[in-house]
Amino acid sequence: MVKAVVGANWGDEGKGKITDMLGKESDIIVRFQGGANAGHTIVNDYGKFALHTLPSGVFYDHTTSIIGNGVALDIPKLFGEIQSVVEKGVPAPKILVSDRAQIVMSYHKLFDAYEEERLAGKSFGSTKSGIAPFYSDKYAKIGFQVSELFDDDLLKEKVVRIAEQKNVLLEHLYHKPLLNPDDLYNELMEYKKMVEPYVCNVSLFLHNAIKEGKNILLEGQLGSLKDPDHGIYPMVTSSSTLAAYGAIGAGIPPYEIKQIITVCKAYSSAVGAGAFVSEIFGDEADELRKRGGDGGEFGATTGRPRRMGWFDCVASKYGCRMQGTTDVAFTVLDVLGYLEEIPVCVGYEINGEVTTEFPVTHLLEKAKPVYKVLPGWKEDIRGIKKYEDLPENCRKYIEFIEEQIGYPITMVSNGPGRDDIIYRNK
Ligand code: GDP
């Protein structure tokens, strides 16, 4: 059976924790999109880890962790992460890398940084991990696929062709040092050495695993609103963040994905630029940021303070719909225990009209939040194991949001640890 864990919003919903938790019953965990630009924070018995490339399943010795073909594969980062995990005492993880995954090259990171520099104040807030230049090259058909590392004649010809093309931009647009084909070739040879033991025909492996009845978990990065088609374009990421893409980015039939667990955080946070309707500022935001997540809402990759906001029912309803949600995991609810009252965004006012349907970007930029204020519960809910034991106002908050978004909240996360979870039978 195949399940997917994906985000409803802008990312940082707490997918890492939910994946880690569901990893217990999974034989295989697959990353199917994105690159080292976002991260999951995972707290477990070995310590606290910020993973950017490795699937969260690396902490279990019974799971195989897979980097699917849809991922932007940063080979040195992957190996750095494997080392850091092993150094902290985690048994060497079983890892497979798709022979059809493409490779993030050092020049992708340079182009990312050069473009941000060129755009200056108008930049997209990229993490400079090379993701946008990487996916541009993939679809322009000038990327390097892992399988190509094993075709020396092709590589020797291709590095010359690519240096020629990139150097036009480096010289005339960015005025930066040029690429040398020999350096590119050597870089690829380094990568080949590192990745060779892990290379696998992943779609065939998963085909067989499905036939054998294995439990497979697809692990998404970021959230619906960062999807290049259905998100807040152009302030989006460069690969699809939707569960549907899990089929492509892992190489399995779409109808095999039976459960789609969409993670929604009990309040909002976002990184990077772009419209954020329920955003809050000043002391109110600082307080929530400081208390948020596990030790504050700061980027797992960049350390940047996240933009904060109240729960947004409009964005989350849409985010859940685009994922094809079967279950909602509602996370980080414990953090809200300090509030007397909790505003929830229930509609957007756009040009004088209120809507509950998430609009396209140019209308989103005009949207003003319509709030409903719910009473807080003023209690620490960490450690509670049964839904009925939650304070009444806390249950009301959950049930109100569930009704607004229209998808069942079957899991409530009330702490960062693996066991801080309350299941609800729906
Ligand atoms: P992801 O990218 O979606 O995995 O999100 P993050 O890595 O940014 O995770 C959000 C943060 O919240 C991490 O520091 C988690 O350890 C933490 N976290 C996850 N679930 C909960 C929860 O229910 N309560 C609290 N307090 N923290 C949580």
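Note that this is a predicted model, so its numbers are computed, not measured.

**Side note on the environment of Lys 193**
Its location among the elements puts Lys 193 in helix H6 (residues 181-195). Once the C-alpha coordinates of Lys 193 and Leu 149 are considered, the two residues, 44 residues apart in sequence, prove to be 9.5 Å apart.

**Comments concerning the side chain of Asn 9**
Along the chain, the position of Asn 9 falls in the loop between strand E1 (2-7) and helix H1 (15-22). A residue is classified by how much of its surface remains accessible, and Asn 9, at 5% relative accessible area, is buried. Discounting residues that sit within four places of it in the chain, Asn 9 has contacts with Gly 223, Ser 224, Leu 225, Lys 226, Cys 264, Lys 265, Ala 315 and Ser 316.

**Some thoughts on the sheet that holds strand E7 (residues 94-98)**
Sheets are built from strands paired through backbone hydrogen bonds, the pairs being either parallel or antiparallel. Pairing is mixed across the open sheet formed by ten strands, whose spatial order is E9-E7-E5-E2-E10-E1-E11-E16-E20-E21. Where the open sheet ends on each side, the last strands, each with one partner, are strand E9 (199-200) and strand E21 (421-423). Across three bridges, the pairing between strand E16 (residues 327-331) and strand E20 (residues 409-413) is parallel. Bridge pairing links Ala 329 to Met 411 in E20.

**A few points about the site of the ligand**
Contacts to the ligand come from 20 residues, most closely from Lys 15, Gly 16, Thr 41, Asp 334 and Ser 413. Glu 13 is positioned such that a nitrogen or oxygen atom in its backbone is 3.1 Å from an oxygen atom of the ligand. Separating a nitrogen atom of the ligand from a backbone N or O atom of Gly 293 is a distance of 3.0 Å. With the chains in place, 97% of the 590 Å² that the ligand exposes on its own is no longer accessible.

**Re helix H8 (residues 243-250)**
In terms of residue burial, H8 counts as a mostly covered element, since six of its eight residues are buried. Among the residues of H8, those classed as buried are Ala 243, Tyr 245, Gly 246, Ala 247, Gly 249 and Ala 250. A positive backbone phi angle near 90° is found at Gly 251, which sits one or two residues after H8.

**What about the pattern of salt bridges?**
Side chains that differ in charge, positive against negative, can pair when their charged atoms come close. By the definition in use, this model includes 25 salt bridges. Put simply, Glu 25 and Lys 3 hold a salt bridge, and the shortest N to O gap is 3.7 Å. Placement of Glu 25 in the loop between H1 and strand E2 (28-31) and of Lys 3 in strand E1 is noted, with a sequence separation of 22 residues between them. Glu 25 sits in the partly exposed class, given a relative accessible area of 44%. Ionic pairing is found between Arg 306 and Glu 297, a salt bridge with its closest N-O pair at 2.6 Å. Among the ionic contacts, a cluster of salt bridges with common partners joins Asp 12, Lys 265, Glu 297 and Arg 306.

**Side note on the packing of helix H10 (residues 313-323) against helix H12 (residues 392-405)**
Contact pair H10 / H12: the axes reach a minimum separation of 9 Å and the direction vectors enclose 60°. Looking at the two axes, H10 sits oblique to H12. Judged by the sense of rotation from one axis to the other, the crossing of H10 with H12 is right-handed. Across the interface between the two elements, Cys 313, Ser 316, Lys 317 and Cys 320 from H10 touch Ile 401, Gln 404 and Ile 405 from H12. Among the residues forming the contact of H10 with H12, the class breakdown is four nonpolar, two polar and one charged.

**Thoughts on the domain arrangement of the protein chain**
By the assigned domains, the protein chain splits into domain 1 (2-86 + 203-423) and domain 2 (102-197). The straight-line distance from the C-alpha centre of domain 1 to that of domain 2 is 30 Å. In this complex, domain 1 contributes 23 residues to the contact, which on the side of domain 2 involves 19 residues. For the domain 1 and domain 2 pair, buried surface summed over both sides reaches about 1,700 Å², with 61% attributable to carbon and sulfur atoms. Interface area lost by domain 1 to domain 2 is led by Leu 73, Ile 75 and Ser 238, which between them contribute 30%. Joining domain 1 to domain 2, the criterion identifies one salt bridge. Applying the counting rule to domain 1 against domain 2 returns six residue pairs in polar contact (both at pLDDT 80 or more). The set of elements that each furnish at least two residues to the side of domain 1 that touches domain 2 consists of strand E6 (72-73) and helix H2 (75-87). If you tally residues by element for the side of domain 1 that touches domain 2, the top one is H2, at three residues. The class makeup of the residues in the side of domain 1 that touches domain 2 is eleven nonpolar, ten polar and two charged.

**Describing unusual backbone geometry**
The peptide bond linking Tyr 233 to Pro 234 adopts the cis configuration, its omega dihedral lying at 10°. Relative to the elements of secondary structure, Pro 234 occurs in the loop between strand E10 (216-219) and H8. Residues other than glycine seldom take positive phi values, yet Asp 12 does so here, at roughly 60°. Looking at the element boundaries, Asp 12 is found in the loop between E1 and H1. Of note in the backbone geometry, Lys 378 takes a positive phi value of approximately 50° without being a glycine.

Calculation rules
- Residues numbered from 1 in each chain as written.
- Predicted model: local features only at pLDDT ≥ 70, side-chain atom pairs only at ≥ 80, totals over all residues.
- Heavy atoms only, no water.
- Helix = DSSP H or I, 4+ residues; strand = E, 2+ residues; numbered from the N terminus.
- Buried < 20%, exposed > 50% of the residue type's maximum accessible area, 1.4 Å probe, protein only.
- Contact = heavy atoms within 4.5 Å.
- Pairing = 2+ DSSP bridges.
- Near = heavy atom within 4 Å.
- Polar contact = N/O pair within 3.5 Å; in protein donor to acceptor, adjacent residues only side chain to side chain.
- Areas by Shrake-Rupley, 256 points an atom, 1.4 Å probe, with all protein chains shown as cover.
- Salt bridge = Lys/Arg side-chain N within 4 Å of Asp/Glu carboxyl O.
- Axes fitted to C-alpha atoms, helices over the stretch in contact; angles between N-to-C directions.
- Parallel < 35°, antiparallel > 145°, perpendicular 65-115°, else oblique.
- Left-handed = near helix turned anticlockwise from the far one by under 90°.
- Nonpolar A, V, L, I, M, F, W, Y, C, P; charged D, E, K, R; others polar.
- Domains from an automatic or database assignment.
- Buried area = accessible area lost by both parts, 1.4 Å probe.

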